[in-house]
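Close look at the chain arrangement
Read off the chains here:
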Amino acid sequence: MKKNRWLMALAAVGVHICIGSVYAWSVYVNPIQEQMKWDLTDVTIAFSIAIFFLGLSAALMGKFVEKNGPRVSATIAAFAFGIGTAGSGLAILMESKLLLYFFYGVLGGCGLGIGYISPVSTLVKWFPDKRGLATGLAIMGFGFASAISGPAIKLLIGSVGIANTFFILGSVYFIVMFISAMYLQAPKEGYMPKKFKKKIKEGKKKIKKDLSSMGLNEAIKTPRFYGLWIMLFINVTCGIAIIGVASPLLEEVMGITALAAAAAVGLMGVFNGLGRIFWASISDFLTRPIVYIIFFATQAVAFYALPNISELILFQIVLYFIMSCYGGGFASIPAYIGDIFGTKELGAIHGYILTAWAAAGLVGPLIISNVKDVTGSYSQTLYVFSGFFCIALVVSISMLLNIKNLKKELED
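Below is a short write-up of the structure. Quick caveat, the model's predicted, so the values are computed rather than measured.

On to a nonpolar patch on the surface. Where nonpolar side chains cluster on the molecular surface, the patch consists of Phe 52, Leu 56, Leu 60, Leu 362 and Val 363 and spans about 380 Å² of accessible area. In this structure, Leu 56 sits in helix 3 (residues 40-68). Taking the relative accessible area as the measure of exposure, Leu 56 reaches 34% and is therefore partly exposed.

As structure tokens, then:
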């Protein structure tokens, strides 16, 4: 059957919109705390473990995805994430933290990691003419997910309880992911869209040459690999800390209701998703290094300003801008990898870069929840994160200079 690359993008969104529900975890936080009598750190650990195993499984399964293709790997992800979510309901019924950590954290996290990388390298190959747009499309659903799942979780918990919410959503996620996985397929070697091929023949378009064509083992020996790792780590550490506690943060700092906070979490998902498609598309024109410099310079200011904003609308505008940069950082990374290492083993390299996400998933939420438990306030943590962004800004500028120097060496 002849495959359509835009339907391929839709299938990718189908996978990502399910696994991206992890971004709505903060909506579970207060209900689980109240029902189980667990403290914030206990509940946040489940989220942190899920993100840790996301990065770990993405790194370990990168070569598996490249070898076996997106259909097989996305199907495995459907089983792992669906069972992981449904199993979390069993953990609530049995009042077991360890079961919650296993189902939502370990099993669900593995589903997240495998599902996350499965469509990405495939779409980059389907869209050689629009690499940034392709990665934005692939990862857009992940960011948009909480716009749907945030309010849905809140309403389901109110009507059927926490455990049944996990059972229902686990079933839905499995069905959508399984159907999407069946369509996913890599294109033939050297694939180019007809219109793009015609424009190249007419001299209207040029194929942008990658900086190099490296496998995973070669890429990890370069400073550019670690530059990307550090940039992603800082962007995710700071962003994920906000996501993990967004609902209670808004309730405490702004004094809004739980339902209004859940709606705000949903809007965060919208901007997370929009940021992925917007910034990734813009990066095709501005270049990836410039876009990352913009991310870090603006977020250093935004995080510093956030605790001092008392106006609800302005607070939300800054919060949503942060979410757009957070999402944009994720969406632009695969294209950045392709630019400097080529597409030979893009999935495997991307998987290893995502270990930064795993590390950030542990560091970010635990910093903010521990500081909250000790000081009773979220504000001090945001100043620390602002400092982190200053470090990321220096790294991103260094990356730009390194790439420029390498290009000059290749031209000489």
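Once you've had a look at it, read on.
Attention now moves to empty space enclosed by the protein. A water-sized probe rolled over the atoms picks out the places where empty space is left. Summed over the entire model, instances satisfying the criterion amount to four cavities of 30 Å³ or more. Roughly 60 Å³ of internal volume is contained in the largest cavity. Looking at the largest cavity, the residues that line it are Tyr 23, Ser 26, Ser 146, Ile 243, Ala 246, Val 265, Met 268, Gly 269, Asn 272 and Met 323. Class assignment for the residues of the lining of the largest cavity results in six nonpolar, four polar and no charged. Considering the residues around the second largest cavity, the lining is formed by Ser 21, Val 22, Tyr 28, Phe 81, Thr 85, Tyr 104, Ile 153, Phe 166 and Tyr 173. Of all the elements in the fold, those that place two or more residues in the lining of the second largest cavity are helix 4 (70-93) and helix 8 (162-183). Residues belonging to the lining of the second largest cavity are distributed by class as follows: seven nonpolar, two polar and no charged.

Trans is the prevailing form of peptide bonds, just as negative phi is the prevailing case for residues other than glycine. Positive phi, close to 65 degrees, is recorded for Lys 37, a residue that is not glycine. Residue position: Lys 37 is located in the loop between helix 2 (25-36) and helix 3. With phi around 55 degrees, Glu 95 is a residue other than glycine that occupies positive phi space. Looking at where Glu 95 falls in the secondary structure, it is placed in the loop between helix 4 and helix 5 (97-117).

Our next topic: the packing of helix 2 against helix 8. The N-to-C vectors of helix 2 and helix 8 enclose an angle of 145 degrees; their axes lie 11 Å apart at closest approach. Across from Trp 25, Tyr 28, Pro 31, Ile 32 and Gln 35 in helix 2, the residues of helix 8 making contact are Ile 162, Thr 165, Phe 166 and Leu 169. Classifying every residue of the contact of helix 2 with helix 8 gives seven nonpolar, two polar and no charged.

Okay, a positive patch on the surface next. There is a patch of like positive charges on the surface, built from Lys 2, Lys 194, Lys 197 and Lys 201. Relative to the assigned elements, Lys 194 resides in helix 9 (residues 194-201).

This brings us to helix 1 (residues 5-19). For an α-helix, 3.6 residues make a turn, and residues three or four places apart therefore share a direction. With 15 residues, helix 1 should reach 21 Å at 1.5 Å per residue; the first-to-last C-alpha distance of 22 Å fits that figure. Of all the residues in helix 1, the buried ones are Arg 5, Met 8, Ala 9, Ala 11, Ala 12, Val 13, Gly 14, Val 15, His 16, Cys 18 and Ile 19. Looking at the packing, one finds that the buried side of helix 1 touches helix 4, helix 5, helix 6 (120-126), helix 7 (131-160) and helix 8. Two or three places before Trp 6, at the opening of helix 1, Asn 4 has a side-chain oxygen 2.7 Å from that residue's backbone nitrogen.

Counted as a void, the second largest pocket has a volume near 480 Å³. For the lining of the second largest pocket, the element with the most residues is helix 9, which contributes three residues. Residue composition of the lining of the second largest pocket, grouped by class: seven nonpolar, three polar and seven charged.

It is worth spelling out the environment of Glu 189 at this point. When you line up the elements, Glu 189 lands in the loop between helix 8 and helix 9. Given a relative accessible area of 83%, Glu 189 falls into the exposed group. The spacing of Glu 189 and Lys 125 is 64 residues in sequence and 8.6 Å in space, taken between C-alpha atoms.

With 130 residues, the main nonpolar core has Trp 25, Leu 123, Phe 142 and Trp 357 as its most contacted residues. Here the element with the most residues in this core is helix 15 (residues 312-341); it accounts for 14 residues. Excluding residues that lie within four positions of it along the chain, Phe 142 makes contacts with His 16, Ile 17, Ile 19, Gly 20, Val 22, Tyr 23, Leu 54, Leu 112, Tyr 116, Arg 276 and Trp 357.

What counts and how
- Residues numbered from 1 in each chain as written.
- Predicted model: local features only at pLDDT ≥ 70, side-chain atom pairs only at ≥ 80, totals over all residues.
- Heavy atoms only, no water.
- Patch = residues over 30% accessible without salt bridge, like charges linked within 9 Å, V, L, I, M, F, W, Y side chains within 5 Å.
- Areas by Shrake-Rupley, 256 points an atom, 1.4 Å probe, with all protein chains shown as cover.
- Salt bridge = Lys/Arg side-chain N within 4 Å of Asp/Glu carboxyl O.
- Helix = DSSP H or I, 4+ residues; strand = E, 2+ residues; numbered from the N terminus.
- Buried < 20%, exposed > 50% of the residue type's maximum accessible area, 1.4 Å probe, protein only.
- 1 Å grid on protein atoms, 1.4 Å probe; cavity = no way out; pocket = protein on both sides within 12 Å on 5 of 7 lines; lining within 4 Å.
- Points joined across faces, edges and corners; volume = space filled by probe spheres on them.
- Nonpolar A, V, L, I, M, F, W, Y, C, P; charged D, E, K, R; others polar.
- Axes fitted to C-alpha atoms, helices over the stretch in contact; angles between N-to-C directions.
- Contact = heavy atoms within 4.5 Å.
- Lys, Arg positive; Asp, Glu negative; His and termini not counted.
- Charge placed at Lys NZ, Arg CZ, Asp CG, Glu CD.
- Expected span 1.5 Å × (residues − 1).
- Polar contact = N/O pair within 3.5 Å; in protein donor to acceptor, adjacent residues only side chain to side chain.
- Core = buried A, V, L, I, M, F, W, Y, C linked by side-chain atoms within 4.5 Å.

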